[in-house]
Amino acid sequence: MSVKPNVLLLGGTTEASRLALLLAERGITAIFSYAGRTESPRPQPIPTRIGGFGGVAGLAAYLREHRITHLVDATHPFAAMMSANAVAAAGLTGTALAALTRPGWQPEAGDRWTRVSGLDDAVEALAGPRRRIMLALGRMHVDAFAAQPQHHYLLRFVDAPEHPPALPYHSLVVDRGPFAARTDRDLLRAHAIDLVVSKNAGGSGASAKLVAARQLGLPVLMIDRPALPDRREFHFPQDVLHWLGHDPSPGTERGV
Ligand code: 3Y8
Ligand code: NAP
């Protein structure tokens, strides 16, 4: 007798939103969770909670109090703290855990990537004469680049910041993805960008700037993903449905 799923979905990515839709279509009991990083996160078709849990202990308590049967970590590959907490809390409470994540991007013909292992190495790699750099990393880590103030930075944030970024020369675009290659190409051209800095997020929502850089023959500084603890991983929302005991193709559900 399989347990009727009661899912906690840690979201904030395109794939998480796709899975939320599938769960809603099948009437699977689930709650979507955002950290609350943005002013108006995309509404979801399932009940949604916003805010941290309070570390591993807080997440474990949440799993117990809400009798969560399946924890799905569909957070961004750079949300390393959340993913580590999910593994720890699932272990403490014996909750089934699976990650829904996307493969990292691989360089294609025509790409001019330099790979670095983390944010500090990316900052160091920018030592040298002034350039015009698209820093497509969002808002949380921009201040680290004040160590290389000589460059002109093109910044793209989801929300307007309360305070101007601590970078003497910068242009700021407030926009949320997913982005399109054509508009990113126009943006890179309009700002005469000569280097793009990117996280290896994978997926389709942030890849536009890489396609645009390739088309314009621009170099890319690619930040590799942080290491994450071992856990069951799926790359497709339908595989999560199967894991939950639901047939991924609608209309062939049996007794659910
Ligand atoms: C709050 C939820 C969906 C999810 C869409 C994806 C695609 C569009 C592209 C560039 C890169 C960046 C950033 C980015 C993308 C998707 C996805 C993705 C990159 C929202 C969202 C939340 C966040 C948090 C935000 C971070 C920031 C990172 C901007 C919603 C829109 C740079 C990551 O201002 C801040 O504090 C923003 C912080 C974490 C990284 C950073 O360090 O600043 N995402 N992004 C989630 C929460 O509260 O739990 O507002 O709707 C979601 C999406 N952003 O459902 O369609 O799947 O990745 N997000 C990166 O990849 O490098 C932009 O500009 O080219
Ligand atoms: P993080 O550094 O790994 O997490 C820091 C803390 O934020 C966590 O310990 C947790 O707080 C809280 N948190 C993170 N994700 C949460 C979620 N989905 N629901 C509830 N609490 C959450 O995470 P992050 O890099 O700041 O990312 C935050 C959110 O933005 C995630 O949902 C992620 O998917 C999304 N996002 C991040 C990026 C990125 O580049 N990092 C890109 C796109 C989307 P407590 O310890 O208090 O529980």
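Our structure is the block above this text.
Since this is a predicted model, take the numbers as computed values, not measurements.

### Regarding the site of ligand 2
Not every one of the 22 residues close to ligand 2 is listed here, only the nearest: Gly11, Ser33, Arg37, Phe53 and Lys199. For ligand 2, an oxygen atom lies 2.7 Å from a polar atom in the backbone of phenylalanine 53. One of the backbone nitrogen or oxygen atoms of alanine 79 is found 3.1 Å away from an oxygen atom of ligand 2. With the chains in place, 79% of the 810 Å² that ligand 2 exposes on its own is no longer accessible. Examining the composition of the shell around ligand 2, we find that four residues originate from one element, helix 3 (residues 80-93), more than from any other.

### So, the side chain of arginine 231
Here arginine 231 is to be found in the loop between strand 11 (219-223) and strand 12 (233-234). The buried category is assigned to arginine 231, whose relative accessible area is 16%. At 3.1 Å, the side chain of arginine 231 forms a polar contact with the side chain of glutamate 233. Not counting chain neighbours up to four residues away, the residues in contact with arginine 231 comprise Asp73, Ser83, Val87, Leu97 and Ala99.

### Overview of the site of ligand 1
Neighbouring ligand 1 are 30 residues, the closest being Ser17, Ala35, Thr38, Arg139 and Arg176. Alanine 35 places a main-chain nitrogen or oxygen 2.6 Å from an oxygen atom of ligand 1. With respect to ligand 1, the backbone of glycine 36 contributes an N or O atom lying 2.8 Å from an oxygen atom. Protein chains bury 94% of the 1,100 Å² of accessible surface belonging to ligand 1 in isolation.

### A word on the packing of helix 2 (residues 55-65) against helix 3
Between helix 2 and helix 3, whose axes approach to 8 Å, the crossing angle comes to 50°. It follows that helix 2 is oblique to helix 3 by the angle criterion. Where helix 2 crosses over helix 3, the handedness of that crossing is right-handed. On the side of helix 2, the interface is formed by Gly55, Val56, Leu59, Ala60, Leu63 and Arg64, while helix 3 contributes Met82, Asn85, Ala86, Ala88, Ala89, Ala90, Leu92 and Thr93.

### Considering the environment of alanine 88
Take alanine 88: it is sitting in helix 3. With 31 residues separating them in the primary sequence, alanine 88 and alanine 57 have C-alpha atoms 9.1 Å apart.

### Some points on the sheet that holds strand 12
Reading across the sheet, the six strands line up as 3-2-1-4-5-12 and stay open at both edges, with parallel pairing between neighbours. Both outer strands of the open sheet, strand 3 (48-50) and strand 12, are each paired with one neighbouring strand and no more. Note: strand 4 (residues 70-73) against strand 5 (residues 96-100), four bridges, orientation parallel. Bridge pairing in strand 5 links leucine 71 to leucine 97.

The rules behind the values
- Residues numbered from 1 in each chain as written.
- Chains lettered and ligands numbered in written order.
- Predicted model: local features only at pLDDT ≥ 70, side-chain atom pairs only at ≥ 80, totals over all residues.
- Heavy atoms only, no water.
- Near = heavy atom within 4 Å.
- Polar contact = N/O pair within 3.5 Å; in protein donor to acceptor, adjacent residues only side chain to side chain.
- Areas by Shrake-Rupley, 256 points an atom, 1.4 Å probe, with all protein chains shown as cover.
- Helix = DSSP H or I, 4+ residues; strand = E, 2+ residues; numbered from the N terminus.
- Buried < 20%, exposed > 50% of the residue type's maximum accessible area, 1.4 Å probe, protein only.
- Contact = heavy atoms within 4.5 Å.
- Axes fitted to C-alpha atoms, helices over the stretch in contact; angles between N-to-C directions.
- Parallel < 35°, antiparallel > 145°, perpendicular 65-115°, else oblique.
- Left-handed = near helix turned anticlockwise from the far one by under 90°.
- Pairing = 2+ DSSP bridges.

Treat this as a map of the structure, not an account of what it does.
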